[in-house]
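# Residue-level structural notes
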Amino acid sequence: MAESEVDLESEQYEKHREAGEILAQVREEAADRVEVGVSHLEVAEWAEDRIRELGGQPAFPVNISVDEEAAHATPSIDDETTFGEEMINLDIGVHVDGWLADTAVTVDLSGNPELAEASEQALEAALDIVEPGVDTGEIGAEIEDVIDGYGYNPVVNLTGHGLGHWEQHTSPNIPNRAVSQGTTLEVGDVVAIEPFATDGGGKVSEGASEEIFSLQREGTVRNRQAREALEQITEEFRTLPFATRWLETDRPEMALRRLKRNDIVHGYPVLKEDDGYLVSQKEHTIIVTEDGCEVTTS
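Because the structure is predicted, anything quoted here is derived from the model rather than measured.

## Some words on the side chain of Ser119
With respect to the helices, strands and loops of the structure, Ser119 is situated in helix H3 (residues 113-129). In terms of polar contacts, Ser119 uses its side chain to reach the side chain of Ser280, at 2.9 Å. Aside from chain neighbours lying at most four places away, what touches Ser119 is Pro195, Ala197, Ser280, Gln281 and Lys282.

Structure (structure tokens):
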């Protein structure tokens, strides 16, 4: 987008800002609720309801990642899991009419505050160098440098990303390490920068569990539950990710299995480090401005 064409006061940017404002409030309030013994489901549903109460919609299910988990973990329908003395990452998204904001924070109940601080300081360092013309590879180098300085590794196969209209992940990718060929940021870009730090090797892999899905293509199914689920997905969530527990049909797991078998939806397996390691995360959404950036989720 050429600089002259970008009106940062236009309606779409105002909606990005509104989503960010709601999200910043919900992130702080949800983080305060994370305590040993509290239920994951209770925190996730409270945060999702609070987003709606404040005038937004969840852009994706609240992610509650524990210890070695890095992303795509959300409670199941009857989840009874409670928080223990663990490292908890809360990753939350809001949209207003499809315009998004995305943020994350680590709540450390595990006694490893430096690991949480590493991702937080890496994000601060990244935000300091954002301006039009900066290469995303430089942002990655800054993130990697800070996390290395703490004696940890960045998670190299997870990246920050652009935020589109009804699209949670668009270009450009914002790497969490130095790369030689990145993308140049321009005025008007809306991106989520999200450093992940770990005391593990720095690569996540897919676990077996899958509670988050999104629409892959339009299609038809004969089964009643699958049809009802598909109707809700296309009308309410469109292309944004949703949780099994959001579906209003009876037997939603079966409905999703059928939709998945027909390649109509696809799932997001939980992404995790090796067992026994910890992952921290910190994320803000920004709008690139003429002289730097505006953080919409602070």
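## Here's the deal with the nonpolar core
Ranked by internal contacts, the top residues of the largest apolar core, which has 24 residues, are Val34, Val43, Ile64, Phe83, Ile88 and Leu90. Secondary-structure elements contributing two or more residues to this core are helix H1 (11-33), helix H2 (40-53), strand E1 (57-66), strand E3 (87-96) and strand E4 (99-108). In this view, Phe83 contacts Val34, Glu35, Val36, Gly37, Val38, Ser39, His40, Val43, Ile64, Ile88 and Leu109; residues no more than four positions away in its chain are not counted. Ranked by size, the runner-up nonpolar core spans 23 residues in total, among them Ile139, Tyr152, Ile193 and Val288.

## Comments concerning the UniProt feature "binding site: a divalent metal cation 1" (unreviewed entry) in the protein chain
Mapped onto this numbering, the UniProt entry annotates "binding site: a divalent metal cation 1" (unreviewed entry) at Asp91, Asp102 and Glu283. Spanning 193 residues, the named residues nonetheless gather at one spot, since no C-alpha pair among them exceeds 8.0 Å. Note that Asp91 resides in strand E3. Within the fold, Asp102 resides in strand E4. When its relative accessible area of 2% is taken as the criterion, Asp102 is described as buried.

## Topic: the environment of Ser280
Relative to the helices and strands, Ser280 resides in strand E13 (residues 279-281). Since its relative accessible area comes to 0%, Ser280 is described here as buried. Here Ser280 is in contact with Met87, Asn89, Thr106, Leu115, Ala116, Ser119, Pro195, Phe196 and Ala197, once residues within four sequence places are set aside. Within the structure, Ser280 has its side chain in polar contact with the backbone oxygen of Leu115 (distance 2.7 Å).

The rules we used
- Residues numbered from 1 in each chain as written.
- Predicted model: local features only at pLDDT ≥ 70, side-chain atom pairs only at ≥ 80, totals over all residues.
- Heavy atoms only, no water.
- Helix = DSSP H or I, 4+ residues; strand = E, 2+ residues; numbered from the N terminus.
- Polar contact = N/O pair within 3.5 Å; in protein donor to acceptor, adjacent residues only side chain to side chain.
- Contact = heavy atoms within 4.5 Å.
- Core = buried A, V, L, I, M, F, W, Y, C linked by side-chain atoms within 4.5 Å.
- Buried < 20%, exposed > 50% of the residue type's maximum accessible area, 1.4 Å probe, protein only.
- UniProt positions renumbered as here; feature names shortened; annotations may be inferred.

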